[in-house]
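Coordinates in review
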Amino acid sequence: MIEIILVAALLCISALAYRWGRNYALAAVSGNPRKLHSLPGHYGAYVALWCAIPALVVVALWLILEPRLIDYLLVSHLPDEIKTLSSAQIDLLINDIKNLADGNILSREPDPAMQAAADHYNRWHDIGLASLAIIAFLLSASGAMCARRRIAPRFEAIYKVERLIKAFLLLGSTVAVLTTIGIVLSLLFEALRFFNRVPFWDFAFGTEWSPQTAIRDDQVGSSGAFGSIPVFAGTAMISAIAMTVAVPVGLFAAVFMSEYASTRTRSALKPVLEILAGIPTVVYGFFAALTVAPAIRDMGQSLGLDVASESALAAGMVMGIMIIPFVSSLSDDVLNAVPNGLREASYGVGATRSETILKVLLPAALPGIVGGILLAISRAIGETMIVVMAAGLAANLTANPFEAVTTVTVQIVTLLVGDQEFDSAKTLSAFALGLGLFILTLCFNIVALRMVRKYREQYE
Amino acid sequence: MNKQARTVHPALHTQAVVARLRKRHRRERRFRAYCIAAVGFAVLCLIFLFVDIISKGYTAFQQTAIRFEIFFDPEIIDPDGERDAEMLAEADYAALWRQPLLRAHGEVNTRALRRELYRLVSSGAAFQLQRMVANDPDLIGHKRTVWLLASDEVDMVVKGHVSRHLPEAERPVSDRQLAWLDNLAAQGLVEQQLNRRFFTNGDSREPEEAGILAALMGSVYTMVVTLMLSFPLGVATAVYLEEFAPTNRWIDLIEVNINNLAAVPSIVFGLLGLAVFLNFFDLPRSAPLVGGLVLTLMTLPTIIIASRAALKAVPPSIREAAYGLGATPMQVIQHHVLPAAMPGILTGTIIGLAQALGETAPLLMIGMVAFIVDVPQGFTDPATALPVQIFLWADSPERAFVEKTSAAIMVLLVFLIAMNALAVYLRRRWEQRW
Amino acid sequence: MTKSSSAGDQAAVGRAELAAPRAALSEAGKRRTDSDAGIDDSEETIREALHPDIHDPIIDVASLSLWYGEKQALFDISMAISKNKVTSLIGPSGCGKSTLLRCFNRLNDLIGTVRIDGDVFFEGESILGPDMDVHLLRKRIGMVFQKSNPFPKSIYENVAYGCRLQGISSTAELDLIVERSLRDAALWDEVKDRLHDNALGLSGGQQQRLCIARAIAVEPEVILYDEPCSALDPIATSRIEALMRTLTKDYTQVIVTHNLQQAGRVSDYTAFLYLGELIEYGPTEQMFVDPRRKRTEYYLTGRFG
């Protein structure tokens, strides 16, 4: 809380610095802004930025580093016999010390050593905060002073300010790159830890998946099996079912929207598809689990078929419905990008609409449509909530759509939801699955985006 | 040249063409029918989905209540007569409603029967009475008419979600309970009332007490974080890429990267949040702050792509005019380009936020899937989000949670449709035609 | 219409002497263009055609060459532009007229791939040099574009914008400037009652005059016009041409035009460019009546273009 007040105070000081710089610049030309190189506000902004940025950077660094530093100090001040404990126990102890220091309820009775550590903790924290505040205020004051000293009528404040803003914009645009790097590194790092325990080949080509490792070593089935083939096979089956629903419906709908529908019909149908696209997947999941799956099971029973209540068919079909608008809007865009000259040329030799569509437009649009379908497949593979709610948990290696199968995303969710110890092979296997999922979808995405882009450039 | 010499391929004779026309037209009609069927299927799916959810969920906005004449007996609540708050909090409020109920049903004499009878009323009823007394201790010693919630099983029967005609073993309400209920109803003591608790309570194990407020506030906090981070970052990135970026391989890489990021499965962002924000930066689990961070990274590509399209649509002639008057690049952007592109940018942001609001999977990864009774008070309090609440309720075995889930879905959809409508309005109203 | 100045000043003579080596420099380019059209003028004629006597030059182009990436768009152009006169740049599409015009206020900077050789001097200062502040330069050299491009703001804000950039913020001052500029642009009477309406609601001709008002509001020394009338009907065009004539007493004006008659009507000097080269430059009257070079004559008589 104090940190927030500190930041707010720094921002207020910067606002004052803005006025100071502005008035100083105006005073330097005795109030005639036309004698200044830049607008008076730019001089103010220059001073304000120098006032705020160094101090805020220090505060940010502090917020990141302080907890680590204090933890380190705490551990190094603990009695020696505690240092021999496992790292998990030490973490728990430190947690308790912090709770004690904050006056919260503990999981154990405090002993004098803990009480001392908590007092230390509070004192370090206070000293740290006080020195942070002093440093931040000194920095902002000296920053503003230095900046103001540079102000002169010919000083090109606007270029300095703009260069700084531009640097911020560049910094902002690196977040997207950092996200990708973060995804790759975190998945890779945790997956490598997993492969230290379970050989890579067992994971990649094993056909049995039962990640329930026992808590005690002497329990039955304590090892667990981490063969990912059935999990990926389940993903493939559900995605395939989804695509058999989504591709024909989406494609025909797109053809209708772009070639047959009048402007009025089109403007009425577009919102319908947009709503379908905007429904959260958890809603589809609920629909699949409570409405579609029982309906399919009952229908199967009346036909004498044995349908699991968490059949791949139900999850796949609902996922297909979810993907229809995705396929149709991508294909619609692609069809609209086909130049009108092609249509006119085809009509000009007496072709009917369907002949034009089938023999001219679809072949011309094929790369774009295939790209769109690949994107849709990638989406089906990565879809989580529908399968979590409507597909099964047990990894069956089967080709029967009436049986329950599990998927990569379902396994990731079941492995990571709830309290887990973070170091077990079971938990880490979720990251190995995540890595596989990421690489798989990335391949689809790159190929698809390249196809769509090439297609677009062709007609631009 | 002799005109007779011009030969016509037999297939191209007008008669031959006409003869084939019927078949071609039939094929045309069939193709068109497929197209219409596809659109019809999509529309039907949407209608069916909505009808299914509304029909399951609309009853959740009402809740069955039973009328009691409660005597706030000082003997039970406050035997010492000191009005001590702690004493008042610990009294046996259940006795207040159980005694009149027992008196009305003299035939109930065994322990098992009594328990069966008590199950007509929600186990939250005692808390309701306790709250009444806490708010107004002067009630003690007086008699009041109070509507207490019926239990969820009774509620389901009254609403018809559980059929009375099922065999007794298959329904949660016994024949005896049905008889008591009918008896009460005949006296006009059973009524369906507006379910205000649904909007003012947090989660609960008892379906009749469960509400969405805690989840809704969790979503609000999460969305605030997402908006505060993703809007400035998205706009900054789009402005940089569209207005300043040189054309080189590094910038190409950023572009490809953003497009790919937009198609990365959302659960992968959850894994990122778990590994980086929770395990590396030690941020609190289940906090809207972390949820907002993860959803920011997820929505950022959407906002960037939409903002770039909006910036691209601002004609270069406007930029040239401003440069021609001596404006600097930043002035051109601030005075002309951003104002002109703002409707498009806002539309993209709202659509991105709507996606984030409906997102569930990444929040599961960072622990926003807890059982939250109290409304979160800040960005670091444990919280859940509306879609996660839907997921949790959908997983609950009680029949009564089905209608709560559907009702929560309806609330979520209302928010999403409102956001999308706002986006459409912005686009229509403020879009600049050049 | 035009009076060619008789007294050749020192600078002009100096330039004429320098012309020979410069011509040699661009020999390669010249050979290409001259041979494919099969026209050859004597060196004497070429020198005469390229170096008219310019009185009181304000902009001086010195051996300017320009490339868009690999493609060269301007070949070694040298010309001086006379103060408080109208100079028109004519030539077939793609000949580099607009490119040359945009060098004067460095709008070509906006295109990342442009490379420039040679220099342009504005009142003796190098425009392309590192010390030139482009934003100050663009304040001093205003521009009116081919497509009228008012900002999507009110008429008042359009005119006031340039002044606001210069730090003028008092309403009284701005009111005066806006009225004066709109009067100078012959638009005041038409818009004085709706100064706060969106400028995009004006007609095409009015929008273009608003753009002129916006340009002159910051009191530039030079106004550049890039085909200002190409999207306008004849009546609107004639009003703008009349406006340009009245502005000559205060401003130096350079106009790029497609329309030969327009060049003849409004300009004192005319430069003819072809495929990125300056072919002929001189007083408009002389050029239209008695062009020095064959290619100019062919272009003016409509044999190509």
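A brief structural summary. Each chain has its residues counted from 1, following the order in which its sequence is written. As a convention, the first chain written is A and the first ligand written is 1, with the rest following in written order. The predicted origin of the model limits local features to residues at a pLDDT of at least 70 and limits the giving and counting of side-chain atom pairs to 80 or more, whereas totals for whole chains, interfaces and linings rest on all residues. Hydrogens and water are ignored here; the side-chain numbers use all heavy atoms of the structure.

What about the overall build of chain A?
Here a strand is any run of E in DSSP of at least two residues, a helix any run of H or I of at least four, and the numbering for each starts at the N terminus. Summing up its helical and strand segments, chain A has 16 helices and two strands in all. Each radius of gyration is computed over the set of C-alpha atoms, and the globule rule expresses the reference value as 2.2 Å times the number of residues to the power 0.38. Scaling as 2.2 N^0.38, a compact globule of 460 residues should have a C-alpha radius of gyration of about 23 Å, whereas chain A reaches 31 Å, well beyond that. Think of it in three bands: residues with accessible area under 20% of the maximum for their type are buried, residues over 50% are exposed, and the middle band is partly exposed, with areas taken using a 1.4 Å probe on protein chains only. Every one of the 460 residues in chain A was classed for burial, and the buried ones make up 47%. The contact definition used throughout considers only heavy atoms, calling two residues in contact when any of these lie within 4.5 Å. Put simply, 71% of the contacts in chain A that link residues at least 6 apart link residues at least 24 apart. For chain A, the accessible surface area stands at approximately 22,100 Å², while carbon and sulfur atoms represent 64% of it. His is not counted here, nor are the chain ends, while Lys and Arg score as positive and Asp and Glu score as negative. Positions of charges follow a simple convention, taking NZ of Lys, CZ of Arg, CG of Asp or CD of Glu. Seen as two clouds, the 32 positive and the 35 negative side-chain charges of chain A have centres 19 Å apart. Only the protein chains shown count as cover for residues, with accessible areas throughout obtained via the Shrake-Rupley method and a probe of 1.4 Å.

Some remarks on the packing of helix 10 (residues 213-244) of chain B against helix 11 (residues 249-261) of chain B
All names here are of chain B. All axes here are fitted lines through C-alpha atoms, helices being fitted over the stretch that makes contact, and every angle between N-to-C directions spans 0 to 180 degrees. Between helix 10 and helix 11, the least distance of the axes is 11 Å, while the angle of their chain directions is 135 degrees. Here helix 10 is positioned oblique relative to helix 11, judged by the angle of their axes. Crossing of helix 10 against helix 11: the hand is left-handed. Residues Thr237, Tyr240 and Leu241 of helix 10 lie in contact with helix 11, whose contacting residues are Ile251, Ile254 and Ile258. All residues other than Ala, Val, Leu, Ile, Met, Phe, Trp, Tyr, Cys, Pro, Asp, Glu, Lys and Arg, Gly among them, are scored as polar; the first ten of these are nonpolar and the last four charged. Split by residue class, the contact of helix 10 with helix 11 holds five nonpolar, one polar and no charged. Here roughly perpendicular refers to angles of 65 to 115 degrees, roughly parallel to angles under 35, roughly antiparallel to angles over 145, and oblique to all remaining angles. The handedness criterion is simple: a crossing whose near helix is rotated anticlockwise from the far helix by less than a right angle is left-handed, and one whose near helix is rotated clockwise is right-handed.

A look at the interface of chain B and chain A
Each partner contributes residues to the interface: chain B has 73 residues there, and chain A has 80 residues. The term buried area refers to how much accessible surface (probe radius 1.4 Å) is lost by two components on association, counted for both of them together. It is B:Phe31, B:Leu271 and B:Met330 in chain B that bury the most area against chain A; as a group they hold 9% of the surface buried on that side. Salt bridges are counted wherever a side-chain nitrogen of Lys or Arg sits within 4 Å of a carboxyl oxygen of Asp or Glu. Taken together, chain B and chain A are joined by one salt bridge. Among the salt bridges present, the one from A:Glu355 reaches B:Arg24, with a minimum N-O distance of 2.8 Å.

Points about the pairing of strand 1 (residues 62-71) of chain B
All names here are of chain B. Pairing analysis gives five bridges linking strand 1 to strand 3 (residues 190-194), with the strands arranged antiparallel. Directly across from Gln62, in strand 3, lies its bridge partner Leu194. Of the pairings in the sheet, the one linking strand 1 to strand 2 (residues 143-149) comprises seven bridges and is antiparallel in character. The residue of strand 2 that forms the bridge with Ile70 is Arg144. We treat two strands as partners when DSSP finds at least two bridges between them.

Things to note about the nonpolar core
If you look at the biggest cluster of nonpolar residues, it comprises 265 residues, and the most contacted ones within it are A:Ile412, C:Ile59, C:Met79, C:Phe104 and C:Leu182. With 14 residues, the single largest contributor to this core is helix 8 (residues 229-260) of chain A. Residue contacts for C:Met79: discarding those within four places in its chain leaves C:Ile59, C:Asp60, C:Val61, C:Leu89, C:Leu100, C:Ala271, C:Leu278 and C:Tyr281. Nine residue types can take part in a nonpolar core, namely buried Ala, Val, Leu, Ile, Met, Phe, Trp, Tyr and Cys, and a core is a set of them joined through side-chain atoms within 4.5 Å. Residues B:Ala91, B:Tyr93, B:Tyr118 and B:Leu139 belong to the second largest nonpolar core, which totals 35 residues.

Focus on a nonpolar patch on the surface
Patch membership needs two things, relative accessible area over 30% and no salt bridge, and members are linked within 9 Å if like-charged or within 5 Å if nonpolar (Val, Leu, Ile, Met, Phe, Trp, Tyr). On the surface, A:Val57, A:Leu61, A:Ile64, A:Leu65, B:Phe280 and B:Phe281 cluster together into a nonpolar patch covering about 560 Å² of accessible area. A per-element tally of the nonpolar patch places helix 2 (residues 40-77) of chain A first, with four residues. One can find B:Phe280 in helix 12 (residues 266-280).

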